[in-house]
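# Observations on the model geometry
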Amino acid sequence: MRTEEETPVGERVLLVEGRADEAALAAIGQGLPRCSANERALFLSYNYADVPVGRRFDRCFRRLDASDVVSVTTTVVAVTQQFGVGWDTIPHGWKTLAVLRFEPEVPALIRDLPEVAGWFEQRVSVCVSDRGTWEALAAGGEWRG
């Protein structure tokens, strides 16, 4: 267990591998709610800390180019990992399948991700964070991505 407060600012990033395809949702995502128009089920890489459902972020950017950024409110709506069981957090160190809500709309950075059936099919290419984390990364600060 690792809290966000215990995590260096430059590591507080949700690492997005890809959008879940229908096969993935049928096999892994039974415990997830159906996505609305501004939500996507996404495969997330190893998580930086225990992040609760309901947590909000405000930046979405390319992993290798933090200057390609969109300001968008992103909320963790639901999380699972296996066996169709919903969780109340994205656990530290786990790869998960999560539903994220984007407001006012899903940014192109997310819409353009490939659909995948599982983890490890696509490298992390998009990151979700808070403004402070993004600023530290864009300034060449603490990024370890």
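Predicted model, so just to flag it, every value in this text is computed and none were measured.

The rules behind the values
Residues numbered from 1 in each chain as written. Predicted model: local features only at pLDDT ≥ 70, side-chain atom pairs only at ≥ 80, totals over all residues. Heavy atoms only, no water. Helix = DSSP H or I, 4+ residues; strand = E, 2+ residues; numbered from the N terminus. Rg over C-alpha atoms; globule rule 2.2 N^0.38 Å. Contact = heavy atoms within 4.5 Å. Areas by Shrake-Rupley, 256 points an atom, 1.4 Å probe, with all protein chains shown as cover. Lys, Arg positive; Asp, Glu negative; His and termini not counted. Charge placed at Lys NZ, Arg CZ, Asp CG, Glu CD. Core = buried A, V, L, I, M, F, W, Y, C linked by side-chain atoms within 4.5 Å. Buried < 20%, exposed > 50% of the residue type's maximum accessible area, 1.4 Å probe, protein only. 1 Å grid on protein atoms, 1.4 Å probe; cavity = no way out; pocket = protein on both sides within 12 Å on 5 of 7 lines; lining within 4 Å. Points joined across faces, edges and corners; volume = space filled by probe spheres on them. Nonpolar A, V, L, I, M, F, W, Y, C, P; charged D, E, K, R; others polar. Pairing = 2+ DSSP bridges.

### Some details on the overall build of the chain
- For the chain, the count of helices and strands is three helices and ten strands.
- For the chain, the N- to C-terminal ordering of α and β elements is β-α-β-β-β-β-β-β-β-α-β-β-α.
- The C-alpha atoms of the chain give 14 Å as radius of gyration, which agrees with the globular expectation for 145 residues (15 Å, within 12%).
- Taken along its principal axes, the extent of the C-alpha atoms in the chain is 40 × 35 × 25 Å.
- In the chain, once contacts between residues fewer than 6 apart in sequence are set aside, the share between residues at least 24 apart is 75%.
- Accessible surface computed for the chain: about 7000 Å², of which carbon and sulfur atoms make up 50%.
- Each charge class in the chain can be summarised by its mean position, and for the 16 positive and 21 negative side chains these summaries are 2 Å apart.

### Some words on the nonpolar core
- Ranked by internal contacts, the top residues of the largest apolar core, which has 22 residues, are Leu 14, Val 76 and Ile 110.
- Setting aside residues up to four positions removed in sequence, Val 76 forms contacts with Leu 14, Val 51, Pro 52, Val 53, Gly 54, Arg 55, Phe 57, Ile 90, Val 99 and Leu 100.
- Grouped together as the second largest cluster of nonpolar side chains are twelve residues, Phe 43, Val 77, Val 99 and Trp 119 included.

### Some thoughts on the layout of surface pockets
- The volume enclosed by the largest pocket comes to roughly 330 Å³.
- Considering the residues around the largest pocket, the lining is formed by 15 residues, among which Glu 22, Leu 25, Arg 34, Cys 35 and Ala 41 are closest to the centre.
- Of all the secondary-structure elements, those providing two or more residues to the lining of the largest pocket are β1 (13–20), α1 (22–27) and β2 (39–44).
- Along the lines of polarity and charge, the residues of the lining of the largest pocket split into eight nonpolar, two polar and five charged.

### Here's the deal with the pairing of β1
- Counting buried residues along β1, seven of its eight residues qualify, which places the element largely inside the surrounding structure.
- Relative to strand β10 (residues 126–129), β1 runs antiparallel, the two being bridged by four bridges. Within β10, the position partnered with Leu 15 by the bridge is Cys 127.
- Direction of pairing for β1 relative to β2: antiparallel, over a ladder of three bridges. Looking at β2, one finds that Val 16 is bridged to Leu 44.
- Across two bridges, β1 lies against strand β9 (residues 115–116) in parallel orientation. Bridge pairing links Arg 19 to Glu 115 in β9.

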